[in-house]
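Chain by chain, the residues:
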Amino acid sequence: MIVLGIESSCDETAAAVVCDGQQIRASVVASQVAVHGPYGGVVPELASRKHIEAIVPVVSRAVAQAGITAKQIDGVAVTQGPGLVGSLLVGFSFAKGFAYGHGIPWIGVDHLEGHINSVFLEPAPPPFPFVALLVSGGHTSIYHVTSHLGYQLMGQTRDDAVGEAYDKVAKMLGLGYPGGLIIDRLAAQGDPGKVIFTRPFLDKARFDFSFSGIKSAVGRHIQTHPPIRHADQANIAAAFQAAVVEVLAFKIIHAAREKGCRHLAVVGGVAANRGLREAVAQDAAKAQISVHFPSPALCGDNAAMVAAVGYHRLKAGERSGMDDDVYSRVKSRPVD
Ligand code: KG4
Ligand code: ZN
């Protein structure tokens, strides 16, 4: 089954063509980083406008790259939420029109479910059940995953998402937007032992997170230690990353142990982080647990992961209807 995936939940307009939920024939991502960079964050109104400009060219490019014609597409999968409503509506409305015009089924997909399923686009996906750490700009959660569409929330952040904390720390250090990748690179040049930030473990037996405290601690350190030169920036980035990564690695290994899983996955934009990949891989090897990371291009927002989920839903006979609408907030309730 050839599925066209469409993703427009935040500041990336993406389209992908995926066969049988596994084989990527094309994956196109048009980033709006240059548009939002000067504002230090995503401006929702601008994002919607840019999605409108990009959606048709991005889908056309994906179809052409896949070497197919639009007539060969069997179904459409599109991100329904969570995300920015104005942005989601562009992809969602396009998908409705495309499916209606071609007389093919279509399905709205949850963005987080997409991230969880991104590991199935890699050659050696984890067997079920496994635990997944989802780390992105909007979410930091741990799930027990029992099937492509079946998962239970084990814990999540009480305040900032880890990607959000990365972006805010980068902003405080005057490093630009989005900050995750910049901090990651800078951290490699710094000494993580020059400043020590308290590790926000909370209750070590539980799976919830808190990153706003460490973000504020970084802010206080910057204010009380002027001037902040390049070497100081690198040391702060390294110290911040070391603290965050230690907590994330500890909790996902602990979650795998609690559920008796021999496999874990780390997904979402922050899963591209080199420090995190290294720390989780090391701790998992010690615990004899195997780790699955999507390749960096599949960590950030993309439409291939949306098509992968759509394939399983369409195959199960699920369909969305013309009256369906997008949603802005996470569907599941926090675990307490
Ligand atoms: O999954 P994603 O593309 O979008 C959301 O669904 O939020 O994640 C974006 C987030 C941003 O906060 C960005 O700074 C962060 O992922 N990010 C990173 C890295 N690459 C992207 N954070 C840390 N290290 C990276 N290498
Ligand atoms: Zn995402």
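Notes on the structure follow. (Residues numbered from 1 in each chain as written. Chains lettered and ligands numbered in written order. Predicted model: local features only at pLDDT ≥ 70, side-chain atom pairs only at ≥ 80, totals over all residues. Heavy atoms only, no water.)

**Overview of the overall build of the protein**
In step 1: A tally of helices and strands in the protein yields 11 helices and 10 strands.
In step 2: The principal-axis extents of the C-alpha atoms in the protein amount to approximately 60 × 45 × 35 Å.
In step 3: Out of the 336 residues in the protein, the part that is buried amounts to 54%.
In step 4: If you take every contact in the protein between residues at least 6 apart in sequence, the share linking residues at least 24 apart comes to 73%.
In step 5: When the accessible surface of the protein is totalled, it reaches about 14,100 Å², and 53% of it is carbon and sulfur.
In step 6: One way to put it: in the protein the 30 positive side-chain charges average out to a point 3 Å from where the 29 negative ones average out. (Helix = DSSP H or I, 4+ residues; strand = E, 2+ residues; numbered from the N terminus. Buried < 20%, exposed > 50% of the residue type's maximum accessible area, 1.4 Å probe, protein only. Contact = heavy atoms within 4.5 Å. Areas by Shrake-Rupley, 256 points an atom, 1.4 Å probe, with all protein chains shown as cover. Lys, Arg positive; Asp, Glu negative; His and termini not counted. Charge placed at Lys NZ, Arg CZ, Asp CG, Glu CD.)

**Some points on the site of ligand 1**
In step 1: Lining the immediate surroundings of ligand 1 are 19 residues, of which Gly-137, Asp-167, Asp-184, Gly-269 and Asn-273 lie closest.
In step 2: In the environment of ligand 1, a nitrogen atom lies 2.9 Å from a nitrogen or oxygen atom belonging to the side chain of Asn-273.
In step 3: Residue assignment for the shell around ligand 1 shows that the elements contributing at least two residues are helix H4 (111-117), helix H5 (162-172) and helix H6 (179-187).
In step 4: In terms of residue class, the shell around ligand 1 is made up of 5 nonpolar, 11 polar and 3 charged. (Near = heavy atom within 4 Å. Polar contact = N/O pair within 3.5 Å; in protein donor to acceptor, adjacent residues only side chain to side chain. Nonpolar A, V, L, I, M, F, W, Y, C, P; charged D, E, K, R; others polar.)

**Let's talk about the sheet that holds strand E7 (residues 140-147)**
In step 1: Strand order in the open sheet formed by 5 strands is E8-E7-E6-E9-E10, with mixed pairing between adjacent strands. Each edge of the sheet is formed by a strand with only one pairing partner; in this case those strands are strand E8 (150-156) and strand E10 (290-292). Each strand of the sheet is rotated relative to its neighbour by a mean of 25°, with strand direction disregarded.
In step 2: Along the sheet face, helix H8 (residues 230-259) touches strand E6 (130-135), E7, E8 and strand E9 (263-267) and points at about 155° away from the line of E6. (Pairing = 2+ DSSP bridges. Axes fitted to C-alpha atoms, helices over the stretch in contact; angles between N-to-C directions.)

**Quick look at the packing of H5 against H8**
In step 1: Axis separation between H5 and H8 bottoms out at 12 Å; the angle between their running directions is 175°. The orientation of H5 with respect to H8, classified from their angle, is roughly antiparallel. Residues Val-162, Ala-165, Tyr-166 and Val-169 of H5 form the contact with H8, whose own contacting residues are Phe-240, Gln-241, Val-244, Val-245 and Leu-248.
In step 2: Looking at the contact of H5 with H8 residue by residue, the class counts come to 8 nonpolar, 1 polar and no charged. (Parallel < 35°, antiparallel > 145°, perpendicular 65-115°, else oblique.)

**Section: the nonpolar core**
In step 1: Formed by 54 residues in total, the largest nonpolar core has its most connected members in Val-135, Ile-183, Phe-197, Phe-240, Leu-248, Leu-264 and Val-266.
In step 2: Of all the secondary structure elements, the ones that give two or more residues to this core are E6, H5, H6, helix H7 (212-224), H8, E9 and helix H9 (274-286).
In step 3: It is H8 that contributes the most residues to this core, 16 residues altogether.
In step 4: Excluding residues within four positions of it along the chain, Leu-264 makes contact with Phe-130, Val-131, Ile-252, Ile-253, Ala-256, Val-280, Ile-289, Ser-290, Val-291 and His-292.
In step 5: Ile-6, Val-59, Ala-62 and Val-90 belong to the second-largest nonpolar core, a separate cluster that totals 30 residues. (Core = buried A, V, L, I, M, F, W, Y, C linked by side-chain atoms within 4.5 Å.)

**Description of the coordination of the zinc ion (ligand 2)**
In step 1: In this structure, His-111 (NE2), His-115 (NE2) and Asp-301 (OD) serve as the protein donors to the zinc ion (ligand 2), at separations of 2.0 to 2.1 Å.
In step 2: One chain supplies every donor for the zinc ion (ligand 2), spaced along it as H-x3-H-x185-D. Placement of the pair is His-111 and His-115 together in helix H4, with a separation of 4 residues, close to one helical turn. Each member of the pair His-111 and His-115 is classed as buried. (Donors = N, O, S within 2.8 Å, 3.2 Å for Na, K, Ca; no water.)

**Looking at H7**
In step 1: Spanning 13 residues, H7 covers 18 Å between terminal C-alpha atoms, matching the ideal 18 Å at 1.5 Å per step.
In step 2: All of the buried residues in H7 are Ile-214, Lys-215, Ala-217, Val-218, Gly-219, His-221 and Ile-222.
In step 3: On its buried face, H7 is in contact with H5 and H8. (Expected span 1.5 Å × (residues − 1).)

**Topic: the pairing of strand E1 (residues 2-7)**
In step 1: By the criterion of burial, E1 is predominantly enclosed, with 6 of the 6 residues buried.
In step 2: Burial along E1 is two-sided: the face carrying Ile-2, Leu-4 and Ile-6 and the face carrying Val-3, Gly-5 and Glu-7 are both buried.
In step 3: Of the strand pairs in this sheet, E1 and strand E2 (residues 12-19) are connected by 6 bridges, and their pairing is antiparallel. The partner of Glu-7 across the bridge, within E2, is Ala-14.
In step 4: As defined by bridge partners, E1 adjoins strand E4 (residues 75-81) across 4 bridges and the pair is classed as parallel. Paired with Ile-6 across the two strands is Val-78, which belongs to E4.

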